[in-house]
Amino acid sequence: MPAPSPILLTPGPLTTAPATREAMLRDWGSWDGEFNRMTTSVCADLLTLVHGETDYVCVPMQGSGTFAVEAALGTLVPRDACVLVAHNGAYCARIVRILERMGIACVTMPLGEDEPAGADAIEAAFAREPRITHVAQVHLETSAGLLNPLYDIAAVCARHDRRLIVDAMSSFGAVPIDLRGSGIDALVSASGKCLEGVPGMGFVIVRRALLAQCAGRSPSLALDLHDQWTYMEKTTQWRFTPPTHVVAALRRALDAFAAQGGQPARAARYARNRSTLVEGMRALGFEPFLPATAQSDVIVTFHAPRDPAWRFADLYAAVREAGYILYPGKLTEVETFRVGCIGAIDEQAMRGAVAAIGQAIERLGIRVR
Ligand SMILES: *Cc1c(COP(=O)(O)O)cnc(C)c1O
């Protein structure tokens, strides 16, 4: 028997339900009708989840979330475009690097890692830089756990007729998103975040009329979203070898998602996880990095103790032994570490994690305050 899985307090891969893992205990042929109907139903459910049935299509893409982000930018953004990136974390930086690789002009709006992007500031950037044609916006900056005001930003983009591509990787399924009349042109997410599937498949939900104009634009064959879409429309099959087991697990995870009460229930469970975690950590002396107004329920960043005896690696190892996997910080300026609140886990897991952290701190002799 394999060792039991640890509880992953990381924002993907994350803890999955046993039923989701069990869905992978068989094989599928990529030409098989049963498998292809499964892909079709997964895409239909993903579209419905954000009310995109009428004007949008859902195109799946093999790979981790970044592959889908790169596919969306490479396929949807013309080479002579200029993209605004309001920059408040590592995933914004990744978008900038992708655009640089593609030789697409980019205007970055530097923000603090605790500072949400403001719709007013984005509107001011449009006035200052009329060459901006697109906005690439991270909805939930997972580096700190910060939630950006997507609807306000989308409204500004719609008012000024700028295309808006959203990295909704760690918000999709947990934070409500309604595409109808939103001004959002494309939304990117993946199987292994708040939908609680296993990692290996991204997807882009994109305005059909926009994607239809993008034939032959992608500089990459494998990441050509238009090609993937038209091939799938024609054949119901993936262009290249599909991540069969990932699709099967996501099908099962989406069934569980619906049975548990959909997005509102998921958001409520993550909110309970977050508040249990933050209360417990505060009692140990740890302070969250973000102000409550910017804090999402997906992941919490904590300030590292100032004690010179502090080493994240030591805490990680001690808490690992108790069965929990923590996440290092990803901020550039301050020393932090992170605890994820998403996955098939509840308050009991969060209480267990806090207890394990408390015991580890005591054993390591670290003064938190
Ligand atoms: C997880 C994540 C991604 C994708 O990262 P991968 O490592 O490629 O899965 C992109 N953006 C955000 C905001 C994320 O949280």
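Above this text is the structure in question.
Let us look at the structure shown here. (Residues numbered from 1 in each chain as written. Predicted model: local features only at pLDDT ≥ 70, side-chain atom pairs only at ≥ 80, totals over all residues. Heavy atoms only, no water.)

The next thing to look at is the site of the ligand. In the vicinity of the ligand, the residues found are Ser 64, Gly 65, Thr 66, Tyr 91, Arg 94, Val 138, Leu 140, Thr 142, Asp 167, Met 169, Ser 170 and Lys 193. Between the ligand and the protein, one listed contact pairs an oxygen atom with a side-chain N or O atom of Ser 64 at 2.5 Å. Take Gly 65: an N or O atom from its main chain is 3.2 Å from an oxygen atom of the ligand. In isolation the ligand offers 390 Å² of accessible surface; the protein chains occlude 84% of this area. The site holding the ligand turns out to be the largest pocket. Secondary structure elements with two or more residues in the shell around the ligand: helix H3 (65-76) and helix H4 (90-102). Looking at the shell around the ligand residue by residue, the class counts come to four nonpolar, five polar and three charged. (Near = heavy atom within 4 Å. Polar contact = N/O pair within 3.5 Å; in protein donor to acceptor, adjacent residues only side chain to side chain. Areas by Shrake-Rupley, 256 points an atom, 1.4 Å probe, with all protein chains shown as cover. 1 Å grid on protein atoms, 1.4 Å probe; cavity = no way out; pocket = protein on both sides within 12 Å on 5 of 7 lines; lining within 4 Å. Sits in = over half its atoms within 2 Å of the grid points. Helix = DSSP H or I, 4+ residues; strand = E, 2+ residues; numbered from the N terminus. Nonpolar A, V, L, I, M, F, W, Y, C, P; charged D, E, K, R; others polar.)

Moving on, we come to the sheet that holds strand S13 (residues 327-328). With antiparallel pairing, the three strands of this open sheet are ordered in space as S11-S14-S13. In this open sheet, the two strands that pair with only one neighbour each are strand S11 (299-303) and S13. Bridge count for S11 against strand S14 (residues 336-340) is five bridges, and the pairing is antiparallel. If you follow Val 300 over to S14, its bridge partner there is Val 339. The strands touched by helix H10 (residues 262-284) are S11 and S14; relative to S11, the strand with the most contacts, the crossing angle is about 10 degrees. (Pairing = 2+ DSSP bridges. Contact = heavy atoms within 4.5 Å. Axes fitted to C-alpha atoms, helices over the stretch in contact; angles between N-to-C directions.)

Turning to the layout of surface pockets, a few remarks are in order. By volume, the largest pocket is sized at about 380 Å³. Forming the boundary of the largest pocket are 25 residues, of which Ser 64, Gly 65, Thr 66, Met 169 and Lys 193 lie nearest the centre. Only H3 and H4 provide two or more residues apiece to the lining of the largest pocket. When its residues are assigned to classes, the lining of the largest pocket shows twelve nonpolar, ten polar and three charged. (Points joined across faces, edges and corners; volume = space filled by probe spheres on them.)

Next up on the list: the pairing of strand S10 (residues 201-207). For S10, a buried count of six out of seven residues is recorded, marking the element as mostly surrounded by other parts of the structure. As paired strands, strand S2 (residues 56-62) and S10 are joined by seven bridges and run antiparallel to one another. Counterpart to Met 61 in the pairing with S10 is Gly 202. In this structure, strand S9 (residues 186-190) lies alongside S10, joined through five bridges in antiparallel fashion. Paired with Val 188 across the strands is Val 204, a residue of S10. (Buried < 20%, exposed > 50% of the residue type's maximum accessible area, 1.4 Å probe, protein only.)

What follows deals with helix H6 (residues 150-159). Along H6, the positions that sit buried rather than exposed are Leu 150, Ile 153, Ala 154, Val 156 and Cys 157. When H6 is viewed along its axis, its buried side chains cluster within an angular range of 160 degrees and face the same direction. For H6, the elements touching its buried residues are helix H5 (119-128), strand S5 (134-138) and strand S8 (163-167). Just downstream of H6, Asp 161 is the residue with a positive phi angle, here 55 degrees. (Arc of directions from axis to C-beta.)

For the rest of this paragraph, the subject is the sheet that holds S8. Pairing in this open sheet of seven strands is mixed, and the strands run S2-S10-S9-S8-S5-S3-S4 from one edge to the other. Looking at strand neighbours, the two that pair on one side only are S2 and strand S4 (105-110), the edges of this open sheet. Adjacent strand axes in the sheet meet at a mean angle of 20 degrees when their direction is disregarded. The sheet contact formed by S8 and S9 spans three bridges and is parallel. Counted as the bridge partner of Val 166 is Leu 187 from S9. In the packing of H4 onto the sheet, the strands contacted are strand S3 (82-87), S4, S5 and S8, and the crossing angle to S3 comes to about 160 degrees. Along the sheet, helix H8 (residues 225-235) contacts S2 and S10; its crossing angle with S2, the most-contacted strand, is approximately 105 degrees.

This brings us to the environment of Val 247. Its place among the elements puts Val 247 in helix H9 (residues 244-259). On the accessibility criterion, Val 247 (1% relative accessible area) is buried. Val 247 sits 223 residues away from Met 24 along the chain, and the two C-alpha atoms are 8.9 Å apart. When sequence neighbours within four positions are dropped, the list of residues in contact with Val 247 reads Phe 35, Met 38, Thr 39, Val 42, Met 201 and Trp 238.

Now for empty space enclosed by the protein. The method is simple in principle: a probe with the dimensions of a water molecule rolls over the atoms, and the space it marks as empty is what remains. Scanning the model with the defined rule gives one cavity of 30 Å³ or more in all. The computed volume of the largest cavity comes to approximately 30 Å³. Looking at the largest cavity, the residues that line it are Val 69, Leu 73, Ile 95, Ala 136, Ile 165, Asp 167 and Val 188. Counting only elements with at least two residues in the lining of the largest cavity, the list comes to H3 and S8. Considering only residue class, the lining of the largest cavity consists of six nonpolar, no polar and one charged.

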